[in-house]
Amino acid sequence: MKRIIGLTGGIATGKSTVANYLATAYNLPIFDADIYARDAVAVDSPILQAIAQRYGEQILLADKSLNRIKLGEIIFNNQAERSWVENLIHPYVRDRFLRAITEGLKTLVLVVPLLFEAEMTDLVTEIWVVSCLEQQQLARLMQRNNLTLEQAQARIKSQMPITEKAARADIVLDNNSTEDALLKQVDLALLRLE
Ligand SMILES: CC(C)(COP(=O)(O)OP(=O)(O)OC[C@H]1O[C@@H](n2cnc3c(N)ncnc32)[C@H](O)[C@@H]1O)[C@@H](O)C(=O)NCCC(=O)NCCS
Ligand SMILES: Nc1ncnc2c1ncn2[C@@H]1O[C@H](COP(=O)(O)OP(=O)(O)OP(=O)(O)O)[C@@H](O)[C@H]1O
């Protein structure tokens, strides 16, 4: 049976840190929902055209690509608009995952920030949640993305609370301490469910 790890967590809780380690230390193939979601809105794609029709040409940059900051301002502050955008993009992301799973080797890792929210748990055989306290999450998010407190809080609030995600995990990776401490838990998690 294939082993398909669904790696999730809250925004900026440490998913990419874990995924990079799984790729470099264990040579595991990584498939990332955020990258597929970017492909979905490539210049001239039908999905980007639909977005431009709804929000006007101002949602595009001079080179016709998506103005991600503007779309973020809309969807992280308005649940109805977020659902509208997600209904366009998530089926595309799911389809790309399905193809990756069919073509993939024995063990693969799907990095899916919205694994629960977008109902993609059926794609994976085990769920890992990278978790940290909201204060840490806020600090890391504000620093990495250069966001104000309000902007960072809006993004966090648009996701399922991390405690709920942790309650539904097979493995919870605690990322309140150092990166080394996080990666040691990854070593154990890989062994535990083998
Ligand atoms: C709004 C957009 C343009 C902002 O782009 P930006 O470059 O600032 O962020 P990026 O795409 O790298 O996402 C960063 C993180 O934001 C969070 N996030 C993204 N979309 C959502 C969403 N719809 N709901 C909650 N959190 C989200 C995730 O934790 C993600 O890892 C972009 O996030 C987007 O297109 N979102 C809708 C598609 C989606 O749901 N993507 C999630 C993966 S399926
Ligand atoms: N244990 C840690 N100690 C200090 N900084 C950390 C730790 N873990 C992660 N970070 C930093 O926090 C930020 C978020 O981590 P990372 O990018 O791995 O999160 P993510 O869950 O993949 O984020 P996103 O949902 O936005 O894709 C990064 O700048 C990362 O370097």
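For every chain, the first residue of its written sequence is number 1, and the numbers climb from 1 along that sequence. Numbering of ligands from 1 and lettering of chains from A proceed in the order in which they are written. Totals for whole chains, interfaces and linings use every residue, but because this is a predicted model, local features are given only for residues with pLDDT of at least 70 and side-chain atom pairs only at 80 or more, for both listing and counting.

## Some thoughts on the UniProt feature "binding site: ATP" (unreviewed entry) in the protein chain
Our working rule: UniProt positions are given in the numbering used here, feature names are shortened, and annotations may be inferred rather than shown by experiment. Only runs of H or I of at least four residues qualify as helices and only runs of E of at least two qualify as strands under DSSP, and these elements are numbered from the N terminus. Counting other C-beta atoms within 10 Å of its own, a residue is labelled buried from 20 upward, exposed at 12 or fewer, and partly exposed in the gap between, with every C-beta atom placed from the backbone. Each residue is represented by a C-beta atom placed from its backbone, and any two residues with such atoms within 7 Å are regarded as in contact.
Feature annotation in UniProt assigns "binding site: ATP" (unreviewed entry) to the following positions: Ala12, Thr13, Gly14, Lys15, Ser16 and Thr17. Take Gly14: it is sitting in the loop between β1 (3–9) and α1 (15–26). Assessed through the 23 C-beta atoms surrounding it within 10 Å, Gly14 is described here as buried. When neighbours within four sequence positions are excluded, Gly14 is seen to be in contact with Gly9, Val130, Cys132, Asn175 and Leu182.

## Brief notes about the site of ligand 2
The condition that has to hold: For each residue, a C-beta atom is placed from the backbone, and the residue is labelled near a molecule or strand when this atom is within 6 Å of it. Amino acids outside the nonpolar list (Ala, Val, Leu, Ile, Met, Phe, Trp, Tyr, Cys, Pro) and the charged list (Asp, Glu, Lys, Arg) are all regarded as polar, and Gly is one of them.
In the vicinity of ligand 2 there are 16 residues, among which Lys15, Ser16, Thr17, Arg140 and Arg144 approach most closely. Secondary structure elements with two or more residues in the shell around ligand 2: α1, α6 (134–145) and α9 (179–192). In terms of residue count, α1 provides more of the shell around ligand 2 than any other element does, three residues in total. Grouping the amino acids of the shell around ligand 2 by side-chain chemistry returns four nonpolar, seven polar and five charged.

## So, the packing of α1 against α9
When two helices pack together, their arrangement is given by the angle between their axes and by how far apart the axes lie. Threshold: Fitting a line to C-alpha atoms yields each axis, with helices limited to the stretch in contact; the angle taken between N-to-C directions then spans 0 to 180 degrees. Under this scheme an angle from 65 to 115 degrees is roughly perpendicular, one under 35 degrees roughly parallel, and one over 145 degrees roughly antiparallel; angles in between are oblique. Rotating anticlockwise by less than a right angle from the far helix to the near helix defines a left-handed crossing, while the corresponding clockwise rotation defines a right-handed one.
One way to put it is that α1 packs onto α9 with a least axis distance of 10 Å and a crossing angle of 60 degrees. The angle between the axes of α1 and α9 places the two elements in the oblique class. The handedness of the crossing between α1 and α9 comes out as right-handed. Contact residues: α1 offers Thr17, Val18, Tyr21, Leu22 and Tyr26, while α9 offers Glu179, Leu182, Leu183, Val186 and Leu190. When its residues are assigned to classes, the contact of α1 with α9 shows eight nonpolar, one polar and one charged.

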